[in-house]
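Close look at the chain arrangement
The primary structure of each chain is shown beneath.
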Amino acid sequence: MRTSLLNRFSILLLLHTFCVLHGHCKPAADTPTVNDPVEVAMSQLHVRENPDNWGPEISQYLATTGIHFPAAWCAAFVNWCLNEADYGCAGSAWSPDWFRENVIYTRGDPDSQKPEPGDIFGIYFQSKKRVAHVGMIVAWPPGKYFVTIEGNTNMGGSRDGDGVYIRTRLKSNAYQVSRWKT
């Protein structure tokens, strides 16, 4: 238990340091000042659904993928963030589409590259037999955990949540990672 608390504290300290060094701890702005997808994503930490799978910002995320009705929006959030940062993107709200190209990391593959801030991770759900949740990597420090920012999640890490949150996840949960820098 004590080791788990130390690991969480270490990750939070790392996240805070990352945020300070890269200017992400500023109050959320309507329009980020640089083309950094992590900064764009951080500017959305206030977003919450109202009602389920909908709201002013969420409708904008979904619209970037051609969807104009309430729907699961984790991939649409990623798409919107990369569009706002002038990065390439999959243009899709379908999670598996984010790993059809540009894959730099696959769990268990020794030839994988180290993920970087702004890369997109996917979580594979055996029950669906596919990647069914995506988010953006904020930090990939040494150790068992990495830090993300995700849409359509919650404090418990659900793939069907209520807003945009910073999450700490086990690296073993990252099935694949893609890089969309242009």
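Our structure's up above, just so we're on the same page.
Remember, it's a predicted structure, so these values are computed and weren't measured experimentally. (Residues numbered from 1 in each chain as written. Predicted model: local features only at pLDDT ≥ 70, side-chain atom pairs only at ≥ 80, totals over all residues. Heavy atoms only, no water.)

1. A few points about the overall build of the protein
- In terms of regular secondary structure, the protein is built from four helices and six strands.
- In the protein, the succession of helices and strands from N to C terminus is α-α-α-α-β-β-β-β-β-β.
- Going through the 182 residues of the protein one by one, you find that 47% of them count as buried.
- Within the protein, residue pairs in contact and separated by at least 24 positions form 52% of the contacts whose partners lie at least 6 positions apart.
- Of the roughly 9200 Å² that the protein leaves accessible, carbon and sulfur atoms contribute 53%. (Helix = DSSP H or I, 4+ residues; strand = E, 2+ residues; numbered from the N terminus. Buried < 20%, exposed > 50% of the residue type's maximum accessible area, 1.4 Å probe, protein only. Contact = heavy atoms within 4.5 Å. Areas by Shrake-Rupley, 256 points an atom, 1.4 Å probe, with all protein chains shown as cover.)

2. Comments concerning the sheet that holds strand E6 (residues 176–178)
- Reading across from one edge, E1-E6-E2-E3-E4-E5 is the order of the six strands in this open sheet, with antiparallel pairing throughout. In this open sheet, the two strands that pair with only one neighbour each are strand E1 (103–106) and strand E5 (163–170). The average angle at which neighbouring strand axes cross in this sheet is 35 degrees, direction not considered.
- Bridge count for strand E4 (residues 145–153) against E5 is seven bridges, and the pairing is antiparallel. Paired with Val147 across the strands is Thr168, a residue of E5.
- Relative to the sheet, helix H4 (residues 74–84) contacts strand E2 (120–125), strand E3 (130–139), E4 and E5, its axis offset from that of E3 by approximately 40 degrees. (Pairing = 2+ DSSP bridges. Axes fitted to C-alpha atoms, helices over the stretch in contact; angles between N-to-C directions.)

3. Notes on the packing of aromatic side chains
- A full pass over the atoms with the stated rule returns nine aromatic pairs.
- With 5.2 Å between their ring centres and 55 degrees between their planes, Tyr61 and Trp80 make a pair best called tilted. Within this pair, whereas Tyr61 is found in helix H3 (residues 56–63), its partner Trp80 is found in helix H4, the two being separated by 19 residues in sequence.
- By relative accessible area, Tyr61 is classed as buried at 0%.
- Each residue in the set Tyr61, Trp73, Phe77 and Trp80 is aromatic and connected to the rest through ring pairs, giving one cluster.
- Note that Arg48 overlies the ring of Tyr165, its terminal NZ or CZ placed 4.1 Å from the centroid. (Phe/Tyr/Trp six-rings, centres within 6.5 Å; stacked < 30°, edge-to-face > 60°. Lys NZ or Arg CZ within 6 Å of the ring centre and 35° of its normal.)

4. Section: the pattern of salt bridges
- One pass over the full model with this rule turns up five salt bridges.
- Its salt-bridge partner being Asp119, residue Arg179 comes within 2.9 Å of it at the nearest N-O pair. Of this pair, Arg179 sits in the segment after E6 while Asp119 sits in the loop between E1 and E2; the two residues are 60 residues apart in sequence, bridging distant segments of the chain. Like Asp119, Arg179 is buried. (Salt bridge = Lys/Arg side-chain N within 4 Å of Asp/Glu carboxyl O.)

5. A short note on the nonpolar core
- Among the nonpolar cores identified, the biggest contains 33 residues, and Tyr61, Trp73, Leu82, Trp98, Ile120, Val134 and Met136 are the most heavily contacted of them.
- Residue assignment for this core shows that the elements contributing at least two residues are helix H2 (37–42), H3, H4, E3 and E4.
- No other element matches the eight residues that H4 contributes to this core.
- Ignoring anything within four residues of it in the chain, the contact list for Tyr61 reads Gln44, Val47, Trp73, Ala76, Phe77, Trp80 and Val164.
- Counting residues in each nonpolar core, the second largest holds nine residues, with Tyr105, Phe121, Ala174 and Val177 among its members. (Core = buried A, V, L, I, M, F, W, Y, C linked by side-chain atoms within 4.5 Å.)

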